[in-house]
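# Structure assessment
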Amino acid sequence: MNPIIISTEALKSAPRALAQPGSVQATNGAPTLFRDLPLPARLLLAVPRARGRAPKASIAARYVLDTLGRIIDAGSQRQHTIEAVNLLAEILLNSASRSAQPDTAPAEWLSDTENLVLCLLCKIQAGQAEEARNLARHSLDAPSIEPFSKAATALCSAECFRRGGEHVFTPSWRGMPTHDDAQEHRSVTLTSELSLGEAVLLNALRLRKRTLSYAGLGAKVVPMLCHHVALPELQTVVDAVLIEAIRFSAHPPAVQCMCCPDVSAVEAEYLTALANFCVGDGQRTQRQLSEWLPTESVSRLMARHDEFEALLRQIGTPLPNRLWDIRELRAREELHHDCSHVNEPSMIH
C-alpha cells in the first residue's frame, strides 16, 4: 500500500484547526451558510439539529425526525440507513458536548463540528477513505473514529447521497440538477421511487395532514421541518394546496399515512401541481388544478403562482414532470394496507 503523506501545514488549517476557538472550516477560509449546502447534506445535518442536546426530544421534534428519515430513505434499506444517520448524529452531538470550546455559531452557519464531519464525508465520498480516517484521528476522540467510519461509509452508499455525486457534501456546490428539464418522466407507484425534491414535498404534506387535528402541534411540525432544511417558507406552498383540497374539494383528499409505501392518486395530483408551479407554466398549472379542485380554489392558487414558483425553486433540485398513471394509483389504493407506522424504525430520539 502506498503511504499517504499529509502536510502538517494543511492539518493546521483543516480538521484539527476546526476544534480551535475562532477557527473557520472551509478550504476558502470563510464560514459556510447552512443554506448553501446541497439539499442532501442539509437533510443529514438536520437530524442532529432537530434532535438537539436536551435529554429528551419534544413530540414535535420526533415527528420531524421521523419525517427526515422517510425523506432520506424510503426504500428497502431504510433501517440500515437510519442506523447510520443516527450513529453519525450521536457522534456530532457528543463531540459538540465534550468540546472544550463548544460551538456557538448561529443556526444559519455551519458549526465547527459540522464542518469537520462534512470535510471527512467529502473525502469518503471521493474514495479517499484512508485519508479521511487519518484526518479523523487528529480531530475525533478515539472511540468515535471507528463508528464514524462505519456510519459514513454506509451513508455514502445510500441512494439519497449517492445520487448527489462526489460533491454532495461540498458547501456551495452548484452541480445539482436545475429546473430546466421539460422532459416528462414515467409514473411511479412507490415513495422510494420519487426524486428527492418530490420526497421532501410529499412527506411535508403527509406530516401536515397527520398532525392537522392536534391543536398546537400541527402548527409547529412543518415549520420546524422546513426550518431545519433551510427552506423556511416552503410550508406556505405545502399548506396552500392542501387546505384548498380539504375545504373545497368534492372528496376528502386521500393523503396517506407517513409509513405508507404507496403514492396515492391525490398525492400524485398534488405533486403534479407543485411541479407545474415550479416550471412556471401558468396555463398548464391552471388546467391541471381545474381537474381536481373547484374554480374558486384554482383562482386563489393561481393568484400566488409567481410566489409559489420562487419558493419551490429554492429546493434546488428538480420536481419531475411525471405522466402519472392515476388509474393504477387508484386501483392500488383499494388494496388493504395495515398501517405499520408504530413499528417503523425512527430517527434518533
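Residues numbered from 1 in each chain as written. Predicted model: local features only at pLDDT ≥ 70, side-chain atom pairs only at ≥ 80, totals over all residues. Heavy atoms only, no water.

A few words on the overall build of the chain. The helix and strand tally for the chain stands at 17 helices and 2 strands. Partitioning the contacts of the chain with sequence separation of at least 6, the portion at a separation of at least 24 is 77%. In the form shown here, the chain has an accessible surface area of approximately 16,800 Å², with 51% of it arising from carbon and sulfur atoms. (Helix = DSSP H or I, 4+ residues; strand = E, 2+ residues; numbered from the N terminus. Contact = heavy atoms within 4.5 Å. Areas by Shrake-Rupley, 256 points an atom, 1.4 Å probe, with all protein chains shown as cover.)

Before going further, it helps to examine the side chain of Arg-322. Along the chain, Arg-322 falls in strand E2 (residues 321–323). Under the relative-accessibility criterion, Arg-322 is labelled buried at 10%. Looking at Arg-322, its side chain comes within polar contact range of the main-chain oxygen of Arg-186, at 3.0 Å. Residues contacting Arg-322, with those up to four places away along its chain left out, are His-185, Arg-186, Val-188, Glu-193, Leu-194, Ser-195 and Glu-198. (Buried < 20%, exposed > 50% of the residue type's maximum accessible area, 1.4 Å probe, protein only. Polar contact = N/O pair within 3.5 Å; in protein donor to acceptor, adjacent residues only side chain to side chain.)

Let's shift gears to the nonpolar core. The biggest cluster of nonpolar side chains holds 97 residues, and the ones touching the most others in it are Phe-169 and Leu-312. For this core, the element with the most residues is helix H13 (residues 265–279), which contributes 9 residues. (Core = buried A, V, L, I, M, F, W, Y, C linked by side-chain atoms within 4.5 Å.)

Now for helix H4 (residues 59–72). With 14 residues, H4 should reach 20 Å at 1.5 Å per residue; the first-to-last C-alpha distance of 20 Å fits that figure. Of all 14 residues that make up H4, 12 are buried, and the element is covered over most of its length. Those residues of H4 that fall on the buried side of the exposure criterion are Ala-60, Ala-61, Tyr-63, Val-64, Leu-65, Asp-66, Thr-67, Leu-68, Gly-69, Arg-70, Ile-71 and Ile-72. (Expected span 1.5 Å × (residues − 1).)

Overall, the coordinates contain 2 aromatic pairs when judged by the stated rule. Plain terms: the ring middles of Phe-277 and Phe-308 are 5.2 Å apart, the flat faces sit at 90° to each other, and that makes the pair edge-to-face. Here Phe-277, found in helix H13, pairs with Phe-308, found in helix H16 (residues 305–313); they are 31 residues apart in sequence, far enough to count as distant. Per residue, the accessibility class of Phe-277 equals that of Phe-308, and both read buried. (Phe/Tyr/Trp six-rings, centres within 6.5 Å; stacked < 30°, edge-to-face > 60°.)

Looking now at the environment of Gly-218. Along the chain, Gly-218 turns up in helix H11 (residues 217–228). Taking relative accessible area as the criterion, Gly-218 reaches 4% and is therefore assigned buried. Along the sequence, Gly-218 and Arg-208 sit 10 residues apart, while their C-alpha atoms lie 6.5 Å from each other. If sequence neighbours within four positions are ignored, Gly-218 has contacts with Arg-208 and Thr-211.

Before going further, it helps to examine the side chain of Arg-208. Its place among the elements puts Arg-208 in helix H10 (residues 196–210). A relative accessible area of 14% means that Arg-208 is categorised as buried. A polar contact of 3.3 Å, which involves the side chain of Arg-208, links it to the backbone oxygen of Gly-218.

Running from N to C, H10 and H13 point in directions that differ by 125°, and their axes come no closer than 11 Å. Taken together, the axes of H10 and H13 are oblique relative to one another. Every pair of crossing elements has a handedness; the one defined by H10 and H13 is right-handed. Across the interface between the two elements, Glu-198, Leu-201, Leu-202, Leu-205 and Arg-206 of H10 pack against Glu-267, Tyr-270, Leu-271 and Leu-274 of H13. Considered class by class, the residues forming the contact of H10 with H13 number 6 nonpolar, no polar and 3 charged. (Axes fitted to C-alpha atoms, helices over the stretch in contact; angles between N-to-C directions. Parallel < 35°, antiparallel > 145°, perpendicular 65-115°, else oblique. Left-handed = near helix turned anticlockwise from the far one by under 90°. Nonpolar A, V, L, I, M, F, W, Y, C, P; charged D, E, K, R; others polar.)

What follows is about helix H6 (residues 112–125). For H6, spanning 14 residues, the distance from its first C-alpha to its last is 20 Å, which sits close to the expected 20 Å at 1.5 Å a residue. Where burial is concerned, most of H6 is hidden: 13 out of the 14 residues are buried. Positive backbone phi, at 85°, marks Gly-127, one or two positions downstream of H6.

This paragraph deals with the confidence of the model for the chain. Mean pLDDT over the chain stands at 82; residues scoring 70 or higher make up 82%. Element-level pLDDT for the chain is lowest in helix H2 (residues 15–18), with a mean of 33, against a maximum mean of 96 in helix H15 (residues 295–302). (pLDDT = per-residue confidence, 0-100.)

You can see Thr-191 is positioned in the loop between strand E1 (184–186) and H10. Placed 68 residues apart in sequence, Thr-191 and Cys-259 show a C-alpha to C-alpha distance of 9.8 Å. Each residue touching Thr-191, except ones within four places of it in the same chain, is listed here: Ala-74, Leu-202, Arg-206, Cys-260, Pro-261, Asp-262 and Val-263.

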